[in-house]
Amino acid sequence: MKIIRVDMGTKTITNEDMEPVFTGMGGRGLTSFIINDEVPPECDPLGPDNRLVFAPGYLSGSPLVNTCRFSIGAKSPLTGGIKESNVGGTVACDLANQGISAIIIEGKPGPDEYYVLRIDGDGKATLTDAGNLWGKRTYELVSGMKDIYGPDNSITCIGPAGELQLSAASVQTTDRDGRPCRAAGRGGLGAVMGSKGLKALVIEKNAKKAEGIKDRKLFKDCAKIFAKAVKEDEFSGETLPELGTAVLVEAINAAGAFPTRNAREGQFENADKISGETMARIIRSRGGKTSHKGCEHCIINCSNEYVDEEGKYITSSLEYETIWSMGGMIGNDDLDAIARLDFLCDDIGLDTISTGVAVAVAMDAGYKSFGDADVAVRMVEEVAKGTDLGKIIGNGPDAVGKHFNHHRVPTVKGQSIAAYDPRAIQGMAVTYATSPMGGDHTAGWVVDQNLEAFGGTIDALGSEGQVEASRNTQIHMAAIDTMGICDFAQTGLATPEGINNVYKMISAKSGKAFAEEDWTNLGIKVIKAELEFNKKAGFTKEQDRLPKMFYEEPLPPHNKVVVISDKEMDATFDF
Amino acid sequence: MNLNVRLYGNLSRSFENYDSAGGLIIELPEGASVNDLLVHLNISRSRAGMVLIGDRLVKKDEKLCEGAGVRIFQPLFGG
């Protein structure tokens, strides 16, 4: 396995062997270790000293299903700390199949220099001029690239928001149908890519298979058990393919945890109009696809294709977080408008969560009325035009709050929270506050442990047990994201062997023993590296706090505030 | 007693002509619990992740009362 290093200043490309210290690493672990090792913590995130690191998961490209996960890491221009943003699509498998563990982009080109980094089927990397592609939105870009490079490539790219180096800019990557609709949205990594003058990463697909599985038979046997469990589980085998992640709308809304109108309420009165059940009915009636394979090697098919009344494609995939950020959070109950906003964000290269919350903060500040979807569309379009207002929206909720001198801004470390209000699911308060990533839901999703009254023992509105639940989940997820296992495929752990089956696969690949303590140590090691970077970048415990609105404003219908004390927050990572 | 029961996710599939707007009207004996309701609906415990009466999360032993609005959700997973 090798690492490709590209210096955008000198245009030098070198192939390096993986350092022994990185053996067994992939995904988030690899990006975070490289960032912590190589990036000066106090550097300008958009300057030459930052690194943009792309890494497939350790198990990407292996026979295990749902492992085509791609980690992108850098110092974040949004949070000022370390960032790993995780995305599906096809690129992780393509890189892993070529034996490439990571691509490191460093340096900075001169002004008006723009490039495409191409890796051909033999793993050879070249930089080519992309001056004629700069300025293009992502759908037009990838369509044109098919003419240049042929149809069989994974394309990872930025849109106008990344080119403008805005802090909510995403990195988009193509799905199995070649559309740039999968987003590494969080943390503004599109801006880092833009600062490197890199418009796109084009990886040629080939028929090679990842090498380096020491005991392929054992690996395959374990992978079969895992895949069977994923298929047999009702959630990943039936619910997600039929309703997608949007199935969460009704559930989280019922629990009073659906942040509505910039988190002034916990329930959206028109949630049924934007629910997964409604979305599926609309898609079916118009001839779209409720089930769609967005990522390579996926057997869940939680993606969808949302179409208009004429059956014409609007977007893929319409997901829970976007339905919230562009729906309830801005008081909008028009699912067609949400779908259009989702497409616009993918096309312009924007994080749908940060962008929706930025619009919500502007509306809350009185700039426009909640619920006006046309206004939201216009505000997002402004980002692509690069107007003053567009730049403010494109820089995320904190920039909007500052501009309007409005203090109800639901961010942690500059990054907005996601679709679970921490006042109604207190465990999410711990994750949002303490994750090295800033307000991030995937870092430690403890919603199930809080809300499932039949299985859980935690009171969602109380503090007891929340720190431990968040800590354990964050450590587990750091390991999951290092391995490159899809979050939703964790139903594959529901076998008699449980997670031991995954340990066996890691061991079968590496040829070394791997047990529970190795898994926990891996997760802790990754988080420690991230915390270390953030500390050196100037973060203190004071940044591990939620905005005052969550401590001071009771959230209807439960009328609770966050009750996790600072002391409890600080005990989360006491290692 | 009569209960208004709404089912989410895939749970309604087992009920022909389920009305998503109105849910189900279910009659149970006085004193019945949430668990009794699940048994009546033939929804196994593993398929019911979250049950609410009104806006309140409830456990399996919770007693139901006349006219209660019950919402049943599958186990949650995601992010």
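The notes below deal with the structure included here.

Calculation rules
- Residues numbered from 1 in each chain as written.
- Chains lettered and ligands numbered in written order.
- Predicted model: local features only at pLDDT ≥ 70, side-chain atom pairs only at ≥ 80, totals over all residues.
- Helix = DSSP H or I, 4+ residues; strand = E, 2+ residues; numbered from the N terminus.
- Rg over C-alpha atoms; globule rule 2.2 N^0.38 Å.
- Buried ≥ 20, exposed ≤ 12 C-beta atoms within 10 Å, placed from the backbone.
- Contact = placed C-beta atoms within 7 Å.
- Expected span 1.5 Å × (residues − 1).
- Axes fitted to C-alpha atoms, helices over the stretch in contact; angles between N-to-C directions.
- Parallel < 35°, antiparallel > 145°, perpendicular 65-115°, else oblique.
- Left-handed = near helix turned anticlockwise from the far one by under 90°.
- Nonpolar A, V, L, I, M, F, W, Y, C, P; charged D, E, K, R; others polar.

This next bit is on the overall build of chain A. A tally of helices and strands in chain A yields 22 helices and 17 strands. What you see for chain A is a C-alpha radius of gyration of 22 Å, in line with the 25 Å of a compact globule of 575 residues. A principal-axis box enclosing the C-alpha atoms of chain A has dimensions of 55 × 55 × 50 Å. Out of the 575 residues belonging to chain A, those deemed buried represent 61%. Long-range pairs, those at least 24 residues apart, make up 73% of the contacts in chain A with a sequence separation of at least 6.

Residue and element names in this part refer to chain A. Between its first and last C-alpha, helix H18 (residues 466–483) extends 26 Å over 18 residues, near the 26 Å set by a 1.5 Å rise per residue. Of all the 18 residues making up H18, 15 are buried; the element is thus mostly covered by neighbouring parts of the structure. At the C-terminal side of H18, Gly-484 shows a positive phi close to 85°.

The next thing to look at is helix H9 (residues 276–286) of chain A. Residues and elements named next belong to chain A. Turning to H9, its buried residues number three or more, namely Gly-276, Glu-277, Met-279, Ile-282 and Ile-283. On its buried side, H9 packs onto helix H7 (234–243), helix H8 (248–254), strand E13 (289–292), strand E14 (303–307) and helix H11 (335–348). One or two positions beyond H9, positive phi appears at Gly-287, with a value near 85°.

The next thing to look at is the packing of helix H6 (residues 216–232) of chain A against helix H19 (residues 500–510) of chain A. Residue and element names in this part refer to chain A. Axis separation between H6 and H19 bottoms out at 9 Å; the angle between their running directions is 155°. By the angle class used here, H6 and H19 are roughly antiparallel. The crossing of H6 and H19 is left-handed. Across the interface between the two elements, Leu-218, Phe-219, Cys-222, Ala-223, Ile-225 and Phe-226 from H6 touch Asn-501, Lys-504, Met-505, Ala-508 and Lys-509 from H19. Taken together, the residues of the contact of H6 with H19 break down into eight nonpolar, one polar and two charged.

Every contact between the two is made by 24 residues of chain B and, on the other side, 31 residues of chain A. Of all the secondary-structure elements, those providing two or more residues to the side of chain B that touches chain A are strand E3 (50–53) and strand E5 (69–73) of chain B. In terms of residue count, E3 of chain B provides more of the side of chain B that touches chain A than any other element does, three residues in total. By residue class, the composition of the side of chain B that touches chain A is 11 nonpolar, seven polar and six charged.

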